[in-house]
Amino acid sequence: MSTITERPHPPATARPLVPVAPRDLVPPRRRVGVADVVAVVKAYVALTKPRIVELLLVTTVPAMMLAAGGVPSLWLVAVVLVGGSLAAGAANALNCYIDRDIDQVMKRTSRRPLPAHRVSPRSALAFGLVLGVVSVSLMAAFTNWLATGLTLAAIVYYDVVYTLWLKRSTPANTFWGGVCGAAPVLIGWAAVTGGLSTTAWALFAVVFFWQMPHFYALAIRFRADYARAGIPMLPVVASQRRVNVEILLFSWLTVAASVAVWPLGQDAFGLGPIYGLTALVTGVLLLREAYALVGRARRGSRCAPCACSTGRSHI
């Protein structure tokens, strides 16, 4: 039988004490790599809600072409698109800053940069304000005062009137919030002509009325989310019958407004039979999907995205 004898350790007092410089107590700074920079850029881009910006710009270019009676100056189109993108991005970034308290309790928005702690609230606020200043300055330098004023008004209305006040206080928030979603039509028209005609307001009405069936479809689907956050969206506080009536009403108004644009722009802006036929066909498709959505809601089925809703929301 063998025994293992451990060598006794010297007492602690016998060990020499080595002085440590304060800088050696600080953990080494992690090197910032390309992946980190990309992640930060993606977070700030996400603050602008680029899919919504894309949707807004889709309505701007046709309005400018109709206002010009053809293809407007490509330089002007580029300025309006860049300025409009920055303005929409500013409004959305400020919206994320204001709504950071409710975004973190809603499953649909919990992955946004602020609730996910990828961007600090102060940085988001500064980012939104800088984008707003740059967008308005760009519009002021290269367009006209009406287009610039409408751009500034859209940002202020969306963040102050809608986000801070109406969204949290009235079930009519979607209706009044629709003003911002349709504003790019007026901005594009004003940038080309320096004014606003009846046709411009008719185009505004098309986009404005469409937003109600578009967003009610989303609000039905995410009703529990909005209820959890205490946001009085119409599908949260009203009966399903009331929501169904508004979906059908505003779908019909959307089709009526789109058809009304045809005679208004037929002579002055050259809208021909192709536009009229397209408006009628797409209007029928919209109504078919609206009635299908209402039917599913009556049966208590889960609301799936349809032609009434692209899945993109300014809310």
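Residues numbered from 1 in each chain as written. Predicted model: local features only at pLDDT ≥ 70, side-chain atom pairs only at ≥ 80, totals over all residues. Heavy atoms only, no water.

*Asks:* With reference to specific residues and values, describe the overall build of the chain.
*Replies:* From N to C terminus, the chain includes twelve helices and zero strands. Put simply, the chain runs from its N terminus to its C terminus through helices and strands in the order α-α-α-α-α-α-α-α-α-α-α-α. Taking all 315 residues of the chain together, 44% fall into the buried category. A sequence separation of at least 24 residues applies to 72% of the contacts in the chain between residues at least 6 apart. For the chain, the exposed surface amounts to about 17,100 Å²; the carbon and sulfur share of it is 67%. (Helix = DSSP H or I, 4+ residues; strand = E, 2+ residues; numbered from the N terminus. Buried < 20%, exposed > 50% of the residue type's maximum accessible area, 1.4 Å probe, protein only. Contact = heavy atoms within 4.5 Å. Areas by Shrake-Rupley, 256 points an atom, 1.4 Å probe, with all protein chains shown as cover.)

*Asks:* Before we move on, could you go through the pattern of salt bridges and cite the residues and values that matter?
*Replies:* For the structure on display, the rule yields seven salt bridges. Linking Glu246 and Arg242 is a salt bridge whose minimum nitrogen-to-oxygen distance equals 2.9 Å. One end of the pair, Glu246, and the other, Arg242, are both in helix 11 (residues 240-266), four residues apart, so they sit about a helical turn from each other. Assessed through its relative accessible area of 14%, Glu246 is described here as buried. The network of salt bridges with common partners includes Asp99, Asp101, Lys167 and Arg168. (Salt bridge = Lys/Arg side-chain N within 4 Å of Asp/Glu carboxyl O.)

*Asks:* Please give an account of unusual backbone geometry that cites residues and values.
*Replies:* One non-glycine residue, Lys49, lies in the positive phi region at around 50°. Along the polypeptide, Lys49 turns up in the loop between helix 1 (34-47) and helix 2 (50-68). The phi torsion at His117 lies on the positive side, around 60°, for a residue other than glycine. In this structure, His117 sits in the loop between helix 4 (100-103) and helix 5 (121-142). With a relative accessible area of 71%, His117 lands in the exposed category.

*Asks:* How would you explain the UniProt feature "transmembrane region" (unreviewed entry) in the chain if you had to name every residue and give the values?
*Replies:* UniProt records the feature "transmembrane region" (unreviewed entry) for residues 52-69, 75-98, 119-139, 145-166, 173-192, 198-222, 243-262 and 274-294 in the present numbering. Within residues 119-139, the helical portion is 90% and the strand portion 0%, while the C-alpha atoms at the span's ends are 28 Å from each other. Here residues 173-192 runs as 100% helix and 0% strand, with 31 Å between its end C-alpha atoms. (UniProt positions renumbered as here; feature names shortened; annotations may be inferred.)

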